[in-house]
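# Per-entry structural report
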Amino acid sequence: MTEDRKPVLGIGLVGHAFMGRAHSQAWRSVAAFFDPPLTPVMAALAGRSRERAAAAAAALGWAAVETDWKDLLRRDDVQLVDICTPGDSHAEIAVAALAAGKHVLCEKPLANSVAEAETMAAAARAARARGVRAMVGFNYRRVPAVALARRLVADGRLGRIHHVRAQYLQDWLVDPEYPLVWRLDARKAGSGALGDIGAHIIDTAQYITGDLIVGVSALTETFVKERPLAADAAGLAATADGAARGPVTVDDAALFIGRTAGGALASFEATRFATGRKNALRIEVNGSAGSLAFDFEAMNELWFHDRTDEPAAAGFRRILVTEPEHPYAGAWWPAGHGLGYEHAFTHQVADLLTAIADGTDPAPSFEDGLQVQRVLEAVARSAASGSGWTPVEQPQPAAT
């Protein structure tokens, strides 16, 4: 009797730095823990420097190397293109890959502008009609505690949502001598803390509540206006290139208030100048029947308050989100054995592989990424105009 073998899905990765490493870890580990309906094969990695790309491919487990991402589109052994480059190249790569019949996973934020994101979403809609799928990589959705928070809200455990408070706090730019890496260049990154980490809390808040932000009032600030030019960078580490300096062209911090379509009030803070905070993605949601709170620096915990509890015993309770009944957790370790940052990326590709095999649309879609981009643009416009109330652009109905 012959053993049934799962179909293979060849992966081509563009970019092999911080996000490329995280995505590579996910592709390597997903089949061992989630038994996906498709077997991912790490076919080829594309990077501009052959020497660096070859070293990354050997370290990360990729079978071949290309120095031009367009060559991935010509390879018969690549059926999905995974985009882990700075935002200024997302639209070009994604649109070309979808037109070539390749599925696409694209890191967040989807693009550097609403216009680019609209082009990408239109390309994804056209590709969907041909069975080609596209997903944007908001990995924090796949943290088990965040997915559990979504489930609690969807099940009505919080009742009507009144307040959303979201923060993403980091401190890696506090040193004014930290070099001018690409994340500080608007041409590459689009925006600073706003797009880099603010996009995450926008998506996380909308995902948990199931409600969209419809208007904002914002402030942004660049605390260090000029930095040493960068000689080299890896992840968030960088070295300076002598004494030459250049201007910082993005925000260091963004604060904004907002309102959701359901009437809830929301506040958001994204900064890379919160001294002592390393990766504090925090969210609290208050509703008529209960509340929940999450902090990624304690990522295996969700705090939940049920207003219907007896007053004598009422209060926030800590849920250790490691039980087999919790989202994703049952695929990993025994109860009580926590997960880490990299696991959310594995959950992301597990869900994507399942959607492709089932012929369904993965989430978050490029349309979801476009909606986040519209919020980012509204925040930027509000901050630039003196913090005035700024509606979030709504998609126009499709022409009939």
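Since the model is a prediction, treat every value here as computed from it, not as a measurement. As a convention, each chain's residues are numbered from 1 in the sequence order in which they are written. Thresholds applied to this predicted model are a pLDDT of at least 70 for local features of residues and 80 or more for the giving and counting of side-chain atom pairs; totals over whole chains, interfaces and linings are not thresholded and use all residues. Excluded from the side-chain calculation are hydrogens and water; included are all heavy atoms of the structure.

Now for the packing of helix 8 (residues 193-209) against helix 10 (residues 366-384). Whenever a helix is involved, its axis is fitted only over the stretch in contact; in every case the axis is a line through C-alpha atoms, and angles between N-to-C directions fall within 0 to 180 degrees. Only runs of H or I of at least four residues qualify as helices and only runs of E of at least two qualify as strands under DSSP, and these elements are numbered from the N terminus. For the pair helix 8 and helix 10, the least separation of the axes is 10 Å and the interaxial angle reads 120 degrees. The pairing of helix 8 with helix 10 is recorded here as oblique in orientation. The element helix 8 and its partner helix 10 pack so that their crossing is right-handed. Listed contacts from helix 10 to Leu194, Gly195, Ala199, Ile202, Asp203 and Gln206 of helix 8 are Gln371, Val372, Val375, Leu376, Val379 and Ala380. Three classes are used: nonpolar for Ala, Val, Leu, Ile, Met, Phe, Trp, Tyr, Cys and Pro, charged for Asp, Glu, Lys and Arg, and polar for all others, with Gly counted as polar. Here the residues of the contact of helix 8 with helix 10 are counted per class, giving eight nonpolar, three polar and one charged. For classification purposes, angles smaller than 35 degrees are called roughly parallel, those larger than 145 roughly antiparallel, those between 65 and 115 roughly perpendicular, and all remaining angles oblique. Working rule for handedness: look at the near helix, and if it is turned counterclockwise from the far one by less than a right angle, call the crossing left-handed; if clockwise, right-handed. Whether two residues are in contact is decided by their heavy atoms, any of which lying within 4.5 Å being enough.

Before going further, it helps to spend a moment on the side chain of Asp252. With respect to the secondary-structure elements, Asp252 resides in the loop between strand 10 (237-247) and strand 11 (253-260). If we skip the residues at most four places from it in the chain, Asp252 touches Leu173, Ala193, Glu221, Thr222, Phe223, Val224, Ala270, Thr271, Arg272 and Phe273.

UniProt positions are given in the numbering used here, feature names are shortened, and annotations may be inferred rather than shown by experiment. UniProt's entry tags residues 10-137 with the feature "domain: Gfo/Idh/MocA-like oxidoreductase N-terminal" (unreviewed entry), counted in the numbering of this structure. A distance of 18 Å separates the end C-alpha atoms of residues 10-137, which is 45% helix and 23% strand.

Our focus in this paragraph is the domain arrangement of the chain. Parsing the chain into structural domains produces domain 1 (8-140) and domain 2 (142-364 + 373-382). Each of domain 1 and domain 2 was reduced to a C-alpha centroid, and the two centroids are 23 Å apart. On the domain 2 side, the residues contacting the 42 residues of domain 1 number 50 residues. Here domain 1 meets domain 2 over a buried area of about 4100 Å², counting both sides, of which 67% is carbon and sulfur. One side-chain nitrogen of Lys or Arg within 4 Å of one carboxyl oxygen of Asp or Glu is enough to make a salt bridge. For the pair domain 1 and domain 2, the number of links is five salt bridges. Ionic pairing is found between Glu118 and Arg374, a salt bridge with its closest N-O pair at 3.4 Å. Polar contacts, as counted here, are pairs of nitrogen or oxygen atoms within 3.5 Å of one another; within protein the pair requires one atom able to donate a hydrogen and one able to accept it, and residues that are adjacent in sequence qualify only if both atoms are side-chain atoms. Where domain 1 meets domain 2, there are 16 residue pairs in polar contact (both at pLDDT 80 or more). At the level of secondary structure, the elements contributing two or more residues to the side of domain 1 that touches domain 2 comprise helix 1 (18-34), strand 5 (103-107), helix 5 (114-128) and strand 6 (134-137). Here the element with the most residues in the side of domain 1 that touches domain 2 is helix 1; it accounts for 11 residues. Residues that form the side of domain 1 that touches domain 2 fall into these classes: 26 nonpolar, nine polar and seven charged. A domain assignment, automatic or from a database, supplies the domain bounds used here. Accessible surface is computed with a 1.4 Å probe, and the buried area is the amount of it that two parts give up when combined, taken over both parts together.

Let's shift gears to the sheet that holds strand 17 (residues 390-391). Remark on secondary structure: sheet strands pair via backbone hydrogen bonds, oriented parallel or antiparallel. Read from one edge to the other, the open sheet built from nine strands follows the order 16-15-14-13-7-12-11-8-17, with strand pairing classed as mixed. Pairing within the sheet leaves two strands with one partner each, and these edge strands are strand 16 (317-320) and strand 17. For two strands to count as paired, DSSP must find a minimum of two bridges between them. With four bridges connecting them, strand 15 (residues 301-306) and strand 16 associate as antiparallel partners. Across the sheet, residue Glu301 finds its bridge partner in strand 16, namely Leu320. Across the sheet, helix 6 (residues 144-154) touches strand 7 (161-169), strand 14 (290-295), strand 15 and strand 16, and the angle it forms with strand 15 is around 20 degrees. Set on the sheet, helix 10 makes contact with strand 8 (213-221), strand 11 and strand 17; between it and strand 8 the angle comes to about 50 degrees.

Looking now at the pattern of salt bridges. Counted by the stated rule, this structure contains 25 salt bridges. As a salt-bridge pair, Lys6 and Asp35 come within 2.1 Å of each other at their nearest N and O atoms. Remark: Asp35 occurs in the loop between helix 1 and strand 2 (39-46) and Lys6 occurs in the segment before strand 1 (8-14); sequence separation between them is 29 residues. Residue Asp35 is classed as exposed on the basis of its relative accessible area, which comes to 56%. Each of Lys108, Arg183, Asp196 and Arg272 takes part in one network of salt bridges that share partners. With a 1.4 Å probe rolled over the protein chains alone, any residue whose accessible area is under 20% of its type maximum counts as buried; one over 50% counts as exposed, and the rest are partly exposed.

Moving on: the state of the cysteines. When the sulfur atoms of two cysteines come within 2.5 Å, that pair is taken as a disulfide. Going through the model one piece at a time under the given rule, you end up with zero disulfides. No disulfide involves Cys84; its nearest neighbouring cysteine sulfur is the one of Cys106, lying 8.5 Å away. Among the residues examined, Cys84 registers a relative accessible area of 11% and is labelled buried. You can call Cys106 buried: its relative accessible area is 0%.

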